[in-house]
Each structure stands twice: as structure tokens, then as C-alpha cells.
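Here is how the chains run, residue by residue.
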Amino acid sequence: MRRPERCDVSDLFRGSSSRLHEADLVITAEGSLDGQTPFGKVPAEIARRAKTAGVPVIALAGTIGKGIRLNFDCGIDAFASILIRPCSLEDAIS
């Protein structure tokens, strides 16, 4: 049996592909956005799908890492960290 891709699984629970055509904006999130995000992380796949529907995408993250600009190529229009300063994981969660 084929292991489902992460975005296939999220579609089962969220119906994101069918809802994109009704959206004005997509906001997605990940613990860390960086140069690896376009190569398999869920925010990049959501952004690709949103772009086919003509919907802008904002990505939020705990941290912003090296290579972040690669995310513009996969359809993320803007990104921001939700943290106001560097901190430990425990502090970020609380």
C-alpha cells in the first residue's frame, strides 16, 4: 500500500483544494520556513495549489531560516515569524 503524501492526508481532513476557489487569502504555517520548505513541506504545497486558484498566500512560522526566498517561487507571497525574539522551544510553546 502506498503511503499517502502529507498534503493528500490534509486534503482528506480539510478539503483544501475544493475550498481554495472560494478563498480571498490563504494563511498557512510551519514551525520553520527555510530553503527546504519548497521541497516537501505542507505550506509549499498549499501555496502551489492556491496559486492555481489565483489566491495569495501568507506563511507564518516560528523561525525563518536560510534560503527563505526560494518560497516565493512555490507561491508563498509573504512570510513572517510569529516570535518577537529568539527563544527556547519551551518559551515559544508557552
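Please refer to the structure placed before this passage.
Rules and cut-offs
- Residues numbered from 1 in each chain as written.
- Predicted model: local features only at pLDDT ≥ 70, side-chain atom pairs only at ≥ 80, totals over all residues.
- Heavy atoms only, no water.
- Core = buried A, V, L, I, M, F, W, Y, C linked by side-chain atoms within 4.5 Å.
- Buried < 20%, exposed > 50% of the residue type's maximum accessible area, 1.4 Å probe, protein only.
- Helix = DSSP H or I, 4+ residues; strand = E, 2+ residues; numbered from the N terminus.
- Contact = heavy atoms within 4.5 Å.
- Salt bridge = Lys/Arg side-chain N within 4 Å of Asp/Glu carboxyl O.
- Phe/Tyr/Trp six-rings, centres within 6.5 Å; stacked < 30°, edge-to-face > 60°.

Caption draft 1: Examining the nonpolar core more closely. In terms of nonpolar packing, the biggest core is built from 13 residues, with Val26, Leu33, Ala50, Val57 and Ile76 touching the most fellow members. For this core, the elements supplying multiple residues, two or more each, are β1 (26-33), α3 (42-52) and β2 (57-64). For Ile76, the contacting residues outside a window of four places in its chain are Pro43, Ala47, Val57, Ala59 and Asn71.

Caption draft 2: View of the pattern of salt bridges. Scanning the entire structure with this criterion turns up four salt bridges. For Arg49, the salt bridge is made with Glu45, and the minimal N-O distance between the two is 3.0 Å. Here Arg49 and its partner Glu45 are both found in helix α3, four residues apart, which amounts to about one turn of the helix. One salt bridge connects Lys51 with Asp77, and the closest N-O pair in it is separated by 2.6 Å. Taken together, the residues Lys51 in helix α3 and Asp77 in the loop between α4 (70-73) and β3 (78-81) connect sequence positions 26 residues apart. Judged by its relative accessible area of 34%, Lys51 is partly exposed. Relative accessible area serves as the criterion here: at 41%, Asp77 is assigned to the partly exposed category.

Caption draft 3: Representation of the packing of aromatic side chains. One pass over the full model with this rule turns up one aromatic pair. On the numbers, 5.5 Å between centres and 35° between planes, the contact of Phe72 with Phe79 is tilted. Phe72 gets classed as partly exposed once you look at its relative accessible area, which sits at 34%. According to the relative accessible area criterion, Phe79 is partly exposed, its value standing at 26%.

Caption draft 4: Molecular detail of the side chain of Thr28. Positionally, Thr28 belongs in strand β1. Among the residues examined, Thr28 registers a relative accessible area of 7% and is labelled buried. In this structure Thr28 touches Pro43, Ile46, Val57, Ile58, Ala59 and Leu60, once residues within four positions along its chain are discounted.

Caption draft 5: Spotlight on α3. For α3, the complete set of buried residues consists of Pro43, Ala44, Ala47, Arg49 and Ala50. With its phi angle positive at about 75°, Gly54 sits one or two positions after the end of α3.

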